[in-house]
Amino acid sequence: MLNRRSFLRRSGAAVLAVGMSGCMAAQVGGGKRRPNVIIILTDDQGYGDLGCHGNKIIKTPNMDKLHSESTRLTNFHVGPTCAPTRAGLVTGRNCNRTGVWHTIMGRSLLRKDEVTIGNVFSDNGYATAMFGKWHMGDNYPFRPEDRGFDEVLRHGGGGVTQTPDAWGNDYFDDNYWHNGEIKQYKGYCTDIWFDGAKKFIDKNKNKPFFCYLATNAPHGPFNIADEYSKQYDKETSPNPYFYGMITNIDDNIKKLDTLLEKRGLKDNTILIFMTDNGTAAGISGNGKLGFNANMRGKKGSEYDGGHRVPCFIRWPDGEVKAGKDIDRITAHLDILPTLIDMCNMNGPKNVKFDGNSIKPLIMEENPKWPDRVIITDSQRILHPEKWRKSAVMTDRWRLVNGKELYDMKVDVSQANDVATANPAVVKRLRDEYEKWWTSISSRFDEYCPVIVGTKHENPSRLTSHDWLAPDALRVWPQQQIRVAVVGNGFWAIDVAVSGKYRIELCRWPKEADLAINASAPATEIVPPNYRFMKGSVINPIKARLKVADIDITRPIDANKKAIVFDVELKTGETTLQSWFIDKDDKKRGAYFVYVTKL
C-alpha cells in the first residue's frame, strides 16, 4: 500500500472493485417500470440563494416552483466544500473514508475500491449519465466513465479554468470531455450540461435512466452573459454575476422540466435538487448584502452556513407529497441508500453506508425515527487532523470544533455558546466523534495512485492540481500556471504493466502548443470581471525526473515543448516528481507531465 511512510511496491495492476454483479431488469413487481432519477447539484449556491427560502433579490422562479412541488429536507447537511460533498453523495459514505477530504493536492481522488451511485444504478439495469462537474479525479481509475457512468460530458478538475481543465476554457465555447474524448462545444457551460442531459433523456426515454447533472456554476470565476448579470446591480445584490449564474441555472431547470412533461416522464421521475456547500458569494464581505437565512458562516465553514443546504425531492407517481417539510436532520450521505430503497434496487455487496434510507421520513406520515448524530468537517490539508473544522450534529445540537455547543432550537445563528451549561451533551457528542474518527481514520496515510500504462488511459496526463504537496507549494488554477507560480509536489502512480515508459515534462499543456520558455498570450473574455493575463516566462537550464528508484538530472533546451525521458518501470505503486531548474537554482515542478506506455 502506497502511503506517506513508505513507498511499497506490489505486483499486478489494480482493478476496480465491483460491489455487485449481474444486471437485473429495471422493472418492479407486476411489470411496473422503475422510476427515472435525476439529481441536480449546483456548485457554491447556498441555502439562502433561492427566492423560496426568503431571498427577496434573486430570481429563481423555477427553483421556487420545484420547491412547491417537492418534499423539502429543511435540516439537510453536506460537506463544507465541493469534492468532499460529491464523494459522500455518490458513495453514501463519509468523504474522509473515501480518500476525498480536499479539493486539490491529490486528496480529491475517490478511492478505486469505492462503489458509486453510477455503479449501483448501472448494475440494476439503468442507463446512466453524468454531466458537468465531477471533481473526484481526471485520470483512470477515478473518472466518471470508470465509475459506472455510460454517458459522460464534463470539464476537468474542480471548475472550468482549473489546471486539469482544457487549456483556455472560460465558460463560453469551451472544450470538454465527452466519453473520454475532448471536443469543442458552442455556448455557455451550464446550457451545454443541460442540453447534454436532455439529449440523454430523449435517447433513453423508453427505459429507466439515472442522470447526475452537476453544474460548475455558480462557482467562480463568475462568468455569465450580460442578459443575466444585468438583472442585478451592485447596490442591492452581493455579486450580480453570481446571482446571474444562478438565474441561468433556473432557466435551464424550466427547459428540462418542459422536456420531462412533453415526453410524459415527469410523474415517474424522482428529481432531486440540492447544492454542494454553503454560499460562496451570496453574502457581501460586510454582511450587508445578500441573504443567508440567519445562519452563521458560508462555504468552507464548520457552522451551519457552510453545510446546511437546500434539498428538494419530487416524485408524483411515488406519492412524495408536495409542500411537505422534513425538519429531522438528514445528509447527502442518505441520498444513495434512499434511492436504492425507493427504486427497489439491489444495493452493493460488502458496502457499509454511513447514510440511512430516509424513505420512511419521506413517504410516511408519522414514522418512528430515532435521534441520530451526523458529523461533517472541512479538512483541506494533506493529512487530516482530529477535530479540525468539525461539526457534530443532532436535530437540536451542534458541537463545533469539539468545544462550542449551540442549541439550534433557539439559536439558529449560532451566536451563544452553551457548552459550559450542558457538559453532559458535550461529552456525549465528543464520544460520538471519537467513535467516528476511529472508524474513518485507518487509511489516512494512504494515497490514491493514478494507474498508468493501461488501455483505459494511455498516455496519462498528470497535472499540478493533484500534486501531493504542502499547502504553500500548491499550484492548481490555470492563472497560476500562466504566471509560473513556484511550487512542487509528487504524484502517486500505480504502474499497471512493467516495461518502457515515455515521461514528458511540460510547462504548458500540449494543447497550448507552447515551448517551455514561451509566454502564453493574454486573453479577454466576457464579462470583463475575469481575464487571463499574459503568461510569465521561465528559462530553466536543467530538468530532473524522479520516479521509483530512477533519479535523472540533465541539461535541457527550454525552446522545446517537452523534456522527454524514456525509462523502464516495474509493476506496482510508486511516486513521480519533476523539477525545472533555472540558472539561479530556482526550482519549480513541471505543471503537466505525460506518461505513456510504449
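Residues numbered from 1 in each chain as written. Predicted model: local features only at pLDDT ≥ 70, side-chain atom pairs only at ≥ 80, totals over all residues. Heavy atoms only, no water.

What follows covers the overall build of the chain. When you go through the chain residue by residue, the secondary structure sums to 12 helices and 28 strands. Here the C-alpha atoms of the chain give a radius of gyration of 24 Å, agreeing with the 25 Å that 2.2 N^0.38 yields for 598 residues. Dimensions along the principal axes, computed over C-alpha positions, put the chain at roughly 75 × 60 × 55 Å. The buried share of the chain, taken over its 598 residues, is 62%. Considering only intrachain contacts with a sequence separation of at least 6, the fraction spanning at least 24 residues in the chain is 70%. Taking the 84 positively charged and 72 negatively charged side chains of the chain as two groups, their mean positions are separated by 3 Å. (Helix = DSSP H or I, 4+ residues; strand = E, 2+ residues; numbered from the N terminus. Rg over C-alpha atoms; globule rule 2.2 N^0.38 Å. Buried < 20%, exposed > 50% of the residue type's maximum accessible area, 1.4 Å probe, protein only. Contact = heavy atoms within 4.5 Å. Lys, Arg positive; Asp, Glu negative; His and termini not counted. Charge placed at Lys NZ, Arg CZ, Asp CG, Glu CD.)

Because each turn of an α-helix spans 3.6 residues, side chains separated by three or four positions in sequence point in the same direction. Given a rise of 1.5 Å per residue, 18 residues ought to cover 26 Å, and the 26 Å separating the end C-alpha atoms of helix H11 (residues 423-440) matches this to within 8%. For H11, every residue scored as buried is listed here: Val425, Val426, Leu429, Tyr433, Trp436, Trp437 and Ile440. Each buried residue of H11 sits inside an arc of 100° when the element is viewed along its axis, so together they form one side. Summarising the geometry of H11, the exposed residues directed more than 90 degrees from the buried face are Pro423, Ala424, Lys427, Lys435 and Thr438. (Expected span 1.5 Å × (residues − 1). Arc of directions from axis to C-beta.)

This part takes up the pattern of salt bridges. Once the charged atoms of two side chains with opposite charge are near each other, the side chains can pair. Throughout the structure, instances matching the rule amount to 39 salt bridges. Between Asp226 and Lys230 there is a salt bridge whose closest N-O contact spans 3.9 Å. For the salt bridge of Glu432 with Lys435, the shortest nitrogen-to-oxygen distance reads 3.7 Å. Taken together, the residues Glu432 and Lys435, both in helix H11 and three residues apart, mark about one turn of the helix. Connected through shared salt-bridge partners, Lys65, Glu69, Asp257, Glu261, Lys266 and Arg314 make up one network. (Salt bridge = Lys/Arg side-chain N within 4 Å of Asp/Glu carboxyl O.)

This part is about the sheet that holds strand S13 (residues 374-377). Taking strand neighbours across the sheet as the criterion, the four strands line up as S13-S14-S15-S16 in an open arrangement whose pairing is antiparallel. In this open sheet, the two strands that pair with only one neighbour each are S13 and strand S16 (404-407). Across the sheet, the mean angle from the axis of one strand to that of its neighbour is 20°, orientation sign disregarded. Relative to strand S14 (residues 390-393), S13 runs antiparallel, the two being bridged by four bridges. Bridging from a neighbouring strand, Ile375 pairs with Val392 of S14. Lying over the sheet, H11 contacts S13, S14, strand S15 (397-400) and S16, oriented at roughly 65° with respect to S15. (Pairing = 2+ DSSP bridges. Axes fitted to C-alpha atoms, helices over the stretch in contact; angles between N-to-C directions.)

With that out of the way, let us pick up helix H1 (residues 61-69). Along H1, the residues that are buried comprise Asn62, Met63, Leu66 and His67. When H1 is viewed along its axis, its buried side chains cluster within an angular range of 150° and face the same direction. At its buried positions, H1 is contacted by strand S2 (71-73), helix H7 (240-262), strand S9 (269-275) and strand S10 (311-314).

As for its position among the elements, Ala469 is in the loop between strand S18 (460-463) and helix H12 (478-482). Distance in space between the C-alpha atoms of Ala469 and Ile340 is 38 Å, their sequence separation being 129 residues. Residues in contact with Ala469, not counting those within four places in the same chain, are Met105, Leu382, Asn488 and Gly489.

As a further point, take the sheet that holds strand S7 (residues 181-184). Spatially, the 10 strands line up as an open sheet ordered S7-S6-S5-S4-S8-S1-S9-S10-S2-S11, and their pairing is mixed. If you trace the sheet from one side to the other, it starts and ends with S7 and strand S11 (325-326), each paired once. The pairing of strand S4 (residues 127-132) with strand S8 (residues 209-214) spans six bridges and is classified as parallel. Bridged to Ala129 within S8 is Cys211.

With that out of the way, let us pick up unusual backbone geometry. Note on backbone geometry: most residues besides glycine have negative phi, and most peptide bonds are trans. Put simply, Ala217 and Pro218 share a cis peptide bond, and its omega is 0°. Topologically, Pro218 is positioned in the loop between S8 and helix H6 (226-229). Omega for the bond connecting Gly220 with Pro221 falls within 30 degrees of zero, at 0°, which places this linkage in the cis form. Positive phi outside glycine occurs at Asn294, with the angle close to 65°. Among the secondary structure elements, Asn294 is positioned in the loop between S9 and helix H8 (304-307). A positive phi is found at Ala548, a non-glycine position, where the angle reads about 55°. Considering the arrangement of structural elements, one finds Ala548 in the loop between strand S23 (542-547) and strand S24 (550-555).

Let's shift gears to the side chain of Thr71. Assignment of secondary structure puts Thr71 in strand S2. Taking relative accessible area as the criterion, Thr71 reaches 0% and is therefore assigned buried.

For any two helices packed against each other, the geometry comes down to the angle between their axes and how far apart the axes lie. Remark: H1 packs on H7, axes separated minimally by 7 Å, with the N-to-C direction vectors making an angle of 55°. With respect to H7, the axis of H1 lies oblique. Residues Pro61, Asn62, Met63, Lys65 and Glu69 of H1 lie in contact with H7, whose contacting residues are Ile246, Ile249, Asp250, Asp251, Ile253, Lys254, Asp257 and Glu261. Across the contact of H1 with H7, the residue classes tally to five nonpolar, one polar and seven charged. (Parallel < 35°, antiparallel > 145°, perpendicular 65-115°, else oblique. Nonpolar A, V, L, I, M, F, W, Y, C, P; charged D, E, K, R; others polar.)

All right, on to the pairing of S4 then. Across the six residues of S4, six count as buried, placing the element largely inside the fold. As judged from the four bridges shared by S4 and strand S5 (residues 151-154), these two strands associate in the parallel manner. Bridging from a neighbouring strand, Gly132 pairs with Arg154 of S5.

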